[in-house]
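# Coordinate inspection notes
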Amino acid sequence: MTASPDQAQPLTRHILPTSATMVGVCVTVMSLSKSIYGTQLGSLFSQVLSVDSMFFMVSAMLSYLSIRAWGPGVKLERHADTAFIIGLALMCIIGLLQSFELL
């Protein structure tokens, strides 16, 4: 018995909108960090967040491709999940460093 398209890749249907939202969060925080912090600290903070936003963008693209795949997009879904977790971990580390003003 095969799964219907609505039942296929249930995780990727959550990763796609969340990753897209996180890209927006990263871009917003990048613009705020330049105005709040000095030029050197704000620039470094923005550079790290731009790398983080790329992880979320890759996650969103892989998630989308997983949904659009004709066959089971399990490999794409796994890669999307991995990129999302890396981006989330990096964002938590950035937040921790920023709150203690270590970055």
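All residue numbers refer to position in the chain's written sequence, counted from 1. Reporting of local features is limited, given that this is a predicted model, to residues whose pLDDT is at least 70; pairs of side-chain atoms are given and counted only at 80 or more, and all residues count toward the totals for whole chains, interfaces and linings. The basis for every side-chain value is the complete set of non-hydrogen atoms in the structure, without hydrogens or water.

### Comments concerning the overall build of the protein
- Looking only at helices and strands, one finds 3 helices and 0 strands in the protein.
- We count a stretch as a helix when DSSP gives it H or I for four or more residues in a row; a strand needs E for two or more, and each element gets its number in order from the N terminus. For the protein, the α and β elements follow one another from N to C terminus as α-α-α.
- Any residue under 20% of the maximum accessible area for its type is buried, any over 50% is exposed, and the rest in between are partly exposed; the area is computed with a 1.4 Å probe on protein chains only. The proportion of buried residues among the 103 residues of the protein is 30%.
- Taking all contacts inside the protein whose residues are at least 6 apart in sequence as the whole, residues at least 24 apart take part in 74%.
- In this description, accessible areas are obtained by the Shrake-Rupley approach with a 1.4 Å probe, and a residue is regarded as covered only by the protein chains that are shown. Split by element, the accessible area of the protein, about 6800 Å² in all, is 70% carbon and sulfur. Whether two residues touch is decided by their heavy atoms; if any such pair falls within 4.5 Å, the residues are in contact.

### Section: the side chain of Ser59
- Here Ser59 shows up in helix α2 (residues 39-68).
- The term polar contact refers here to a pair of N or O atoms within 3.5 Å; inside protein, the definition further demands a hydrogen-donor-capable atom paired with an acceptor-capable atom, and it admits residues adjacent in sequence only when both atoms are side-chain atoms. From its side chain, Ser59 meets the backbone oxygen of Ala80 in a polar contact 2.9 Å long.
- Apart from the residues lying within four places of it in its own chain, the contact partners of Ser59 are Ile15, Ser19, Ala80, Ala83 and Phe84.

### Comments concerning the nonpolar core
- For this analysis, a nonpolar core means a set of buried residues of the types Ala, Val, Leu, Ile, Met, Phe, Trp, Tyr and Cys, connected via side-chain atoms within 4.5 Å. Core analysis: the biggest nonpolar cluster contains 13 residues, and Met22, Cys26, Leu49, Phe56, Phe84 and Met91 have the highest contact counts within it.
- At the level of secondary structure, the elements contributing two or more residues to this core comprise α1 (12-36), α2 and α3 (74-99).
- A per-element tally of this core places α1 first, with 5 residues.
- Once residues lying within four places of it in the same chain are set aside, the contact partners of Phe56 are Ser19, Met22, Val23, Cys26, Phe84, Gly87, Leu88 and Met91.

### Observations regarding the packing of aromatic side chains
- Pairs were defined over the aromatic rings of Phe, Tyr and Trp, the Trp ring being its six-membered one, requiring ring centres within 6.5 Å. Orientation was assigned from the angle between planes: stacked under 30 degrees, edge-to-face over 60, tilted for the rest. This structure, assessed with the given rule, holds 1 aromatic pair.
- For the pair Phe56 and Phe84, a centre-to-centre distance of 5.6 Å together with 65° between the ring planes defines the contact as edge-to-face. Taken as a pair, Phe56 in helix α2 and Phe84 in helix α3 lie far apart in primary sequence, 28 residues in all.
- Residue Phe84 is classed as buried on the basis of its relative accessible area of 13%.

### Considering the confidence of the model for the protein
- The quantity known as pLDDT measures the predictor's confidence residue by residue, on a range of 0 to 100. Summary statistics for the protein give a mean pLDDT of 79 and a share of 82% for residues scoring 70 or more.
- Taken element by element, the protein is modelled with least confidence in α1, mean pLDDT 82, and with most confidence in α3, mean pLDDT 88.

### Brief notes about the environment of Ser31
- Position of Ser31 relative to the elements: it lies in helix α1.
- Look at Ser31 and you get partly exposed, because its relative accessible area is 49%.
- For the pair Ser31 and Ser46, spaced 15 residues apart in sequence, the C-alpha separation works out to 7.6 Å.

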